[in-house]
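Chain by chain, the residues:
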Amino acid sequence: MQPLPTSRRSRSLSRLLATALLPALLLAPLAPASAADADGGAQQDLPERAGSAAAKSEGAKSEGAKSETAKADASKADDLRGFDSQRSVTSHSLPLPGGALAYTATAEFLPLRDGAKEELAARIFTVTYTADSKTPAAGPRPVTFVFNGGPGAASAYMHLGAAGPKVVAFGPDGALPPPPAPLVDNPDSWLAFTDLVFIDPVGTGYSRAVKPDETEKRFWSVDGDARSMAEIVRLWLTRNGRWSSPTFLAGESYGGFRIAKMADELIDQVGLAVNGLILVSPVVDFAAIDEDGILGPAWKLPSMAASAAALGRTSGTPEQAAAAAERFALGPYLTGLAGLDYGRLDDARDVFAEVARITGLPVETVRRQRGRVPMGVFTRELLRDRGRILSIYDGTFTAPDPDPGAPRVPFDPFLKGTVPTYSTAFAAYAHDALAVRTEQPYRLLSDRVNRNWEWPRMSVPSAVDALQTALTLQPALRVLIVHGRTDLITPYMASRWVVSRLELPEGERGRVAVTVHPGGHMMYTRGQGRAALAADARALIAESLRPR
């Protein structure tokens, strides 16, 4: 764990950074390089090609030819420098309500070079999906680069959970599926309105540093990560001849923090202004979720209230409970915490009683925590009488308490449960559908990356300044922030607070939107949440491309 400045507040954030977004106790299993029948059989493995020109217009043929020429030139350059991209190109079809969508999938490694001599430092695994049919009159098709978070997470969560053409079939209520998890066609795939590039940062997925002990840590920091991923975006646009395409970035959890940093980095170092950012369950400013402060507990209170209502511990619907908790959190709760005198706790009994009513916890538990209910306490105590614990990633997901007498829950039941689910599903999908052939283990969540991440030593991590800079320098930039209402680790109220403090004139505040849907951190494990997320992303891209 990388320490931050030595104050109680900073120590709390250090624990949060190392254990909350990617639990340090969670050692990621290494998925097999191949498994059987993820989507009903292998797709045809095709050689690199210029495309089926007969089915395309002259404009589309020209764009496709340029792209294939760029790929061929890049391949020759790689050959000369001894780099094997292990490119695999396959053809597929996705049934959608408006008709079948034919698309091409390209799985390959991209070289990440570093230093004055541009020596090969890492091999970055990417999966690209491009629609085969194009409409020249509409201009170049947009392309969205997609990341997950951690730090230390591969992109399989967003890939096989939300945006890709195939998704893991969770239960209707978001319950984990029995192994091996089946893959099904995604009716809400973002491929319907944008080409997609899923990227695994160094040390995650199949991506590796060439000399792990020497070079990988230079990419395992806030700035090093943003620079390296911005370089991969630049390289992909160059090799695919897509500089004229509208460009978007999407990231989940720390991935949202990452793409805010990348937007600034791309402007500064690459000369690219992206059209839009899609942040899914992000933390933009870590100070906003610090449980030792005053704001952090306030912003988490509505998500706790929604979770308690969903589990029947309080009255009303989750939406009603959250709305009431918002009003309390922004008023009496904040002033109550600010004026709390530990020597006169009885003066705060009304505040403690209201927190207990909102959260469904015993008032004595709230009093013992001095009104600031940590997530670990809430998830452990709410259903203690039933012998169950909650997930901080979704307060409506419960599991048997594995050790009721322990002071802390040893792991998060939902997050840890998703590791074998997505790991084996992606390994099978990569082998069977994408024709990827490698003995490299797939690292869905890398504890090694997370533990060795270099956080700022003299400040709390924040991407607010980077986001403000991008909004200032790119007047057409649109930003979408999407949250699940019962996400207890990155609460929606924290993002609302951050957005309310962005310096945007009266007529431009609509450039940044925060939407909230039923579900948790990964709201897309439920069909309703996945559809809502896709609708939000489609609207953001459409609005960004609207002529002005």
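Thresholds, definitions, all that
- Residues numbered from 1 in each chain as written.
- Predicted model: local features only at pLDDT ≥ 70, side-chain atom pairs only at ≥ 80, totals over all residues.
- Heavy atoms only, no water.
- Helix = DSSP H or I, 4+ residues; strand = E, 2+ residues; numbered from the N terminus.
- Buried < 20%, exposed > 50% of the residue type's maximum accessible area, 1.4 Å probe, protein only.
- Phe/Tyr/Trp six-rings, centres within 6.5 Å; stacked < 30°, edge-to-face > 60°.
- Lys NZ or Arg CZ within 6 Å of the ring centre and 35° of its normal.
- Pairing = 2+ DSSP bridges.
- Axes fitted to C-alpha atoms, helices over the stretch in contact; angles between N-to-C directions.
- Parallel < 35°, antiparallel > 145°, perpendicular 65-115°, else oblique.
- Contact = heavy atoms within 4.5 Å.
- Nonpolar A, V, L, I, M, F, W, Y, C, P; charged D, E, K, R; others polar.
- Arc of directions from axis to C-beta.
- Polar contact = N/O pair within 3.5 Å; in protein donor to acceptor, adjacent residues only side chain to side chain.
- pLDDT = per-residue confidence, 0-100.
- Left-handed = near helix turned anticlockwise from the far one by under 90°.
- Salt bridge = Lys/Arg side-chain N within 4 Å of Asp/Glu carboxyl O.

J.: What's the story with unusual backbone geometry in this structure? I'm lost.
T.: The bulk of non-glycine residues show a negative phi, and the bulk of peptide bonds are trans. Here Gly150 and Pro151 are connected by a cis peptide whose omega angle stands at -5°. Locating Pro151 in the fold gives a position in the loop between strand S5 (143-147) and helix H3 (156-163). A cis amide bond links Pro179 with the next residue in sequence, Pro180, at an omega value of -10°. By the element assignment, Pro180 lies in the loop between strand S6 (166-168) and strand S7 (183-185). Even without being glycine, Ser281 reaches a positive phi, approximately 50°. Mapped onto the elements of the fold, Ser281 is located in the loop between strand S11 (276-280) and helix H7 (295-310). Residue Ser281 is classed as buried on the basis of its relative accessible area, which comes to 0%. In this structure, Arg370 is a non-glycine residue whose phi angle is positive, near 60°. On the secondary structure map, Arg370 appears in the loop between helix H10 (363-368) and helix H11 (375-381).

J.: When you look at the packing of aromatic side chains in this model, what are you seeing that I'm missing?
T.: Aromatic ring pairs are reported here in terms of the distance separating the ring centres and the angle at which the planes meet. Evaluated as defined, the whole model comprises 22 aromatic pairs. Taken together, a centroid distance of 4.7 Å and an interplanar angle of 55° make the contact between Tyr157 and Tyr422 tilted. Here Tyr157, found in helix H3, pairs with Tyr422, found in helix H12 (residues 413-432); they are 265 residues apart in sequence, far enough to count as distant. A relative accessible area of 4% means that Tyr157 is categorised as buried. Members of the aromatic cluster, each reached through a chain of ring pairs, are Phe109, Phe125, Tyr206, Phe426, Tyr429 and Tyr442. Against the face of Phe109 rests Arg123, its NZ or CZ located 4.4 Å from the ring centre. Positioned over the ring face of Tyr342 is Arg370, at 5.6 Å from the centre of the ring.

J.: Help me understand the pairing of strand S3 (residues 101-114) in this model?
T.: Looking along a regular strand, one sees the side chains alternate between the two faces of the sheet. Taking burial as the measure, the 14 residues of S3 include 12 buried ones, the bulk of the element. Here strand S2 (residues 88-94) pairs with S3 via seven bridges, running antiparallel. Each residue of the ladder has a partner; that of His92, found in S3, is Tyr103. Here S3 runs beside strand S4 (residues 119-131); their pairing, made up of 12 bridges, is antiparallel. By the bridge assignment, Leu110 is partnered in S4 with Ile124.

J.: How should the packing of H7 against helix H9 (residues 349-359) be read in this particular structure?
T.: In a pair of packed helices, the angle between the axes and the distance between the axes together describe the arrangement. It is at 7 Å that the axes of H7 and H9 come closest, and there the two elements cross at 50°. For the element pair H7 / H9, the angle class is oblique. In this structure, H7 uses Leu301, Met304, Ala305 and Ala308 to contact H9, whose residues at the interface are Val355, Ile358 and Thr359. For the contact of H7 with H9, the per-class residue count stands at six nonpolar, one polar and no charged.

J.: Is there a simple way to explain H9 in this structure?
T.: Regarding H9, the residues found buried are Val351, Phe352, Val355, Ala356, Ile358 and Thr359. One side of H9 carries all its buried residues, which in axial view fall inside an arc of 165°. Facing away from the buried surface of H9 by more than 90 degrees, the exposed residues are Arg349 and Asp350. Each element contacted by the buried residues of H9 is listed here: H7, helix H8 (318-338), H10 and H11. Directly beyond the C-terminal end of H9, a positive phi value near 80° is found at Gly360.

J.: Please explain the side chain of Ser544 as it appears in this structure.
T.: The residue Ser544 is located in helix H16 (residues 527-545) in this model. Here Leu540 takes part through its backbone oxygen, which lies 2.8 Å from a polar atom of the side chain of Ser544. Contact partners of Ser544, with chain neighbours within four places excluded, come to Phe248, Asn275 and Arg478.

J.: Explain the side chain of Arg380 to me, please; I cannot follow it from the model alone.
T.: For Arg380, the location among the structural elements is in helix H11. Within polar-contact distance, the side chain of Arg380 engages the backbone oxygen of Ala406 at 3.0 Å. In contact with Arg380, not counting residues within four places along its chain, are Arg388, Ile389, Asp401, Asp403, Pro404, Gly405, Ala406, Pro407, Arg408 and Val409.

J.: Would you mind showing me how to read helix H14 (residues 464-473) here?
T.: In an α-helix there are 3.6 residues to a turn, and that puts residues three or four apart on one side. Taken together, the buried positions of H14 are Val464, Ala466, Leu467, Gln468, Ala470 and Leu471. Where the residues of H14 are buried, they touch helix H6 (254-270), S11, strand S14 (478-484), helix H15 (492-500) and strand S15 (512-517).

J.: Whenever I open this one, the confidence of the model for the chain confuses me. Can you help?
T.: A low pLDDT means the predicted coordinates there should not be read in detail. Across the chain, the average pLDDT comes to 86, with 84% of residues at 70 or higher. Across residues 1-20 the pLDDT falls below 50, and counting only partners more than four positions away or on other chains, this stretch makes 52 contacts in the model. When the criterion is pLDDT under 50, residues 22-62 qualifies, and its contacts beyond four places in sequence or with other chains add up to 90 contacts.

J.: Help me understand the packing of helix H5 (residues 222-239) against H6 in this model?
T.: Two elements in contact, H5 and H6, have axes whose closest approach is 8 Å; the angle formed by their N-to-C orientations is 65°. Here H6 runs roughly perpendicular to H5, going by the angle between their axes. Along this stretch, H5 crosses H6, giving a crossing that reads as right-handed. Taking contact as the criterion, the partners of Val222, Asp225, Ala226, Arg227, Met229, Ala230, Val233 and Arg234 in H5 are, on H6, Tyr254, Phe257, Arg258, Lys261, Met262, Glu265, Leu266 and Val270. Split into classes, the residues belonging to the contact of H5 with H6 amount to 10 nonpolar, no polar and six charged.

J.: Hey, could you run me through the pattern of salt bridges in this one?
T.: Side chains carrying opposite charge are able to pair once their charged atoms draw close together. Applying the stated rule across the entire model yields 23 salt bridges. Put simply, Lys166 and Asp185 hold a salt bridge, and the shortest N to O gap is 2.8 Å. Note that Lys166 is positioned in strand S6 and Asp185 in strand S7, a separation of 19 residues in sequence. Judged by relative accessible area, Lys166 falls into the buried class, the value being 12%. Taking the shortest distance from any N to any O, the salt bridge between Asp385 and Arg313 comes out at 2.3 Å. Here Asp385 is found in the loop between H11 and strand S12 (388-390), whereas its partner Arg313 is found in the loop between H7 and H8, with 72 residues between them in sequence. Among the residues examined, Arg313 registers a relative accessible area of 26% and is labelled partly exposed.

J.: Looking at this structure, how should I read the environment of Val464?
T.: Inspection of the secondary structure puts Val464 in helix H14. Given a relative accessible area of 18%, Val464 falls into the buried group. Once the C-alpha coordinates of Val464 and Ala260 are considered, the two residues, 204 residues apart in sequence, prove to be 7.9 Å apart. Apart from residues no more than four positions distant in its own chain, Val464 is found in contact with Val284, Asp285, Val498 and Leu502.

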